[in-house]
Amino acid sequence: TQKIQHNHKKEMTSTPPPALKKIVAWCTPRSLSTALMYSFAQREDTTAVDEPLYAHYMSRNSHLEHIGIEKLFEEQSTNLDDVLKMIDSTDTPVVFMKNIANMLPPSLDDAWLDGAFHIIMYRDPVKVIPKYDQNMPCIFQETAYPELITLCAKFKARGIKHIVLNSETLGAHPEDTLREICFQAGIEFSPSMLSWPAGPKTYDGCWAPSWYHTLHTTTGFVKKVSASLTKSSVSPSQRALISDCFPFFLALEEMASRKDSFESLEHDHGEKGGCGVNQLVWVGNGLVPSAFANLSVLDASLFDSSSFVSSTFVVSEGVCKDLDIGIEKLLQSASNSQHLPTTTFIKGAVEATVAANGGDGDVVSQVTAHLNLSPTTKPDSNSRQLVIVPDMVS
């Protein structure tokens, strides 16, 4: 039987207290879910439980090869009834349970779901899949996007209380987001949720040394430069998997209770603008699979000199030639427009697009940056205003 570790060292009772409030997070991997668990664990009234359905999931999926399975089976029960009884036996007023959504048991009683408040938390697959691959190979089954859609549909149909959240919103605005979660869950927000001690936690799962080592260096939510700006190569297989996941991501964006700066994109399955189906194109604030980037906006026949300016950069061994000079000229050409992206933002987006489509090899021959000159009413919105398209070596 799994051992629950209380963050404040209390014993469990044999029966659930009448007022027990269950808050259950269902997440994609690499989506700040552990940081959210650490946040809730700082509350005096809350017990944090780390992926208690993991062993049950692995017992149903013996074909998967995960790190530390032997220890997992020693520490967690594979019996679903035992796991649920353990959760319900918590003696604190609140229990927070973090799960990766693909661990959702098909036989989980809907009545148990009815008795909890649920957090659906997801992240852009462009940011999830390369990070997951740093630990172990990512396959579609492990991404958890379809299960999140299933849960959203079930919760809506049954009127179960839940919130749908892009984890980028939590990372960028932790206090506002946590206050909203607490309000919808029916508990008071606590300022203690904004920080935690560095290092391993007693309530970490046994897999923590392999997956949480970076988080263990933090003491709170850290606002980072967008992962889309990271100059890291994305392999062809990763790009294919990103494309497979992207329709689910777009659907979750539509369901999100609070929209962040990423605007949903129309589906366009054509290969326009010279982009292959598994290439990544920069649209607005991040990288997008070309099949979902609505690339009809890049059709030269739709452009006229008053609606856009463009600049093409030759790429050699993964490096854009004369990038700073070209960006300066691009911005000068658009100087009469308002709310343009900064030089730093455009440079980072160009470099990220090149890196994601082949790294430092001779894969990308050139990239073209387009600035849409249509007026925008949002000073902080780059969406649709900057589009960067790679041309691949044939």
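Structure: above.
Let me begin by describing the structure that accompanies this report. These numbers come from a predicted model, not from an experiment.

With that out of the way, let us pick up the overall build of the protein. The helix and strand tally for the protein stands at 13 helices and 11 strands. Surface summary for the protein: the accessible area is close to 17400 Å², and the carbon and sulfur share equals 51%.

This paragraph deals with the packing of aromatic side chains. Scanning the entire structure with this criterion turns up 10 aromatic pairs. Judged by centre distance (5.0 Å) and plane angle (75°), the ring pair of Tyr 54 and Trp 207 falls under edge-to-face. Here Trp 207 lies in the loop between helix H9 (174–185) and helix H10 (208–211) and Tyr 54 lies in helix H2 (residues 54–60), a separation of 153 residues in the sequence. Each member of the pair, Tyr 54 as well as Trp 207, is classed as buried. Taking 5.9 Å as the distance between ring centres and 65° as the angle between the ring planes, the aromatic pair formed by Tyr 122 and Phe 249 counts as edge-to-face. Highlighted residues: Tyr 122 in strand S4 (residues 116–122) and Phe 249 in helix H11 (residues 236–255), separated in sequence by 127 residues. The two residues Tyr 122 and Phe 249 agree in class, both being buried. The structure contains a cluster of three or more aromatic residues connected by ring pairs, namely Tyr 38, Trp 196, Tyr 203 and Phe 221.

Moving on, we come to H9. A rise of 1.5 Å per residue sets the reference length of H9, with its 12 residues, at 16 Å; its end C-alpha atoms lie 16 Å apart and thus fit the reference within 8%. Inspection of H9 places Pro 174, Thr 177, Leu 178, Ile 181, Cys 182 and Ala 185 among the buried residues, and these make up the whole buried set. One face of H9 carries all of its buried residues, which in axial projection span an arc of 135°. Turning to H9, the residues buried within the fold contact strand S1 (21–27), helix H1 (33–41), S4, strand S5 (162–166) and helix H8 (167–172). Backbone geometry just downstream of H9 places Gly 186 in the positive-phi region, at approximately 85°.

Turning our eyes to something else, we now look at the pattern of salt bridges. Under the definition given, this model contains 11 salt bridges. With a shortest N-O distance of 2.4 Å, Asp 114 and Arg 158 are connected by a salt bridge. Placement of Asp 114 in helix H5 (residues 110–114) and of Arg 158 in helix H7 (residues 145–158) is noted, with a sequence separation of 44 residues between them. Its relative accessible area of 36% is what places Asp 114 among the partly exposed residues. Residue Arg 158 is classed as partly exposed on the basis of its relative accessible area, which comes to 40%. A salt bridge links Glu 168 to Lys 127, with the nearest nitrogen and oxygen atoms 3.5 Å apart. One end of the pair, Glu 168, is in helix H8; the other, Lys 127, is in helix H6 (residues 125–133), with 41 residues separating them in the sequence. A relative accessible area of 9% means that Lys 127 is categorised as buried.

Attention shifts here to the sheet that holds strand S2 (residues 46–50). Spatially, S2-S3-S1-S4-S5 is the arrangement adopted by the five strands of the open sheet, whose pairing is parallel. The sheet is open, and its two borders are formed by S2 and S5, each paired with just one other strand. Adjacent strand axes in the sheet meet at a mean angle of 15° when their direction is disregarded. Where S1 and strand S3 (residues 94–100) come together, seven bridges link them in parallel fashion. Across the sheet, residue Lys 22 finds its bridge partner in S3, namely Val 95.

Conventions and cut-offs
Residues numbered from 1 in each chain as written. Predicted model: local features only at pLDDT ≥ 70, side-chain atom pairs only at ≥ 80, totals over all residues. Heavy atoms only, no water. Helix = DSSP H or I, 4+ residues; strand = E, 2+ residues; numbered from the N terminus. Areas by Shrake-Rupley, 256 points an atom, 1.4 Å probe, with all protein chains shown as cover. Phe/Tyr/Trp six-rings, centres within 6.5 Å; stacked < 30°, edge-to-face > 60°. Buried < 20%, exposed > 50% of the residue type's maximum accessible area, 1.4 Å probe, protein only. Expected span 1.5 Å × (residues − 1). Arc of directions from axis to C-beta. Contact = heavy atoms within 4.5 Å. Salt bridge = Lys/Arg side-chain N within 4 Å of Asp/Glu carboxyl O. Pairing = 2+ DSSP bridges. Axes fitted to C-alpha atoms, helices over the stretch in contact; angles between N-to-C directions.

By themselves these figures say nothing about function.
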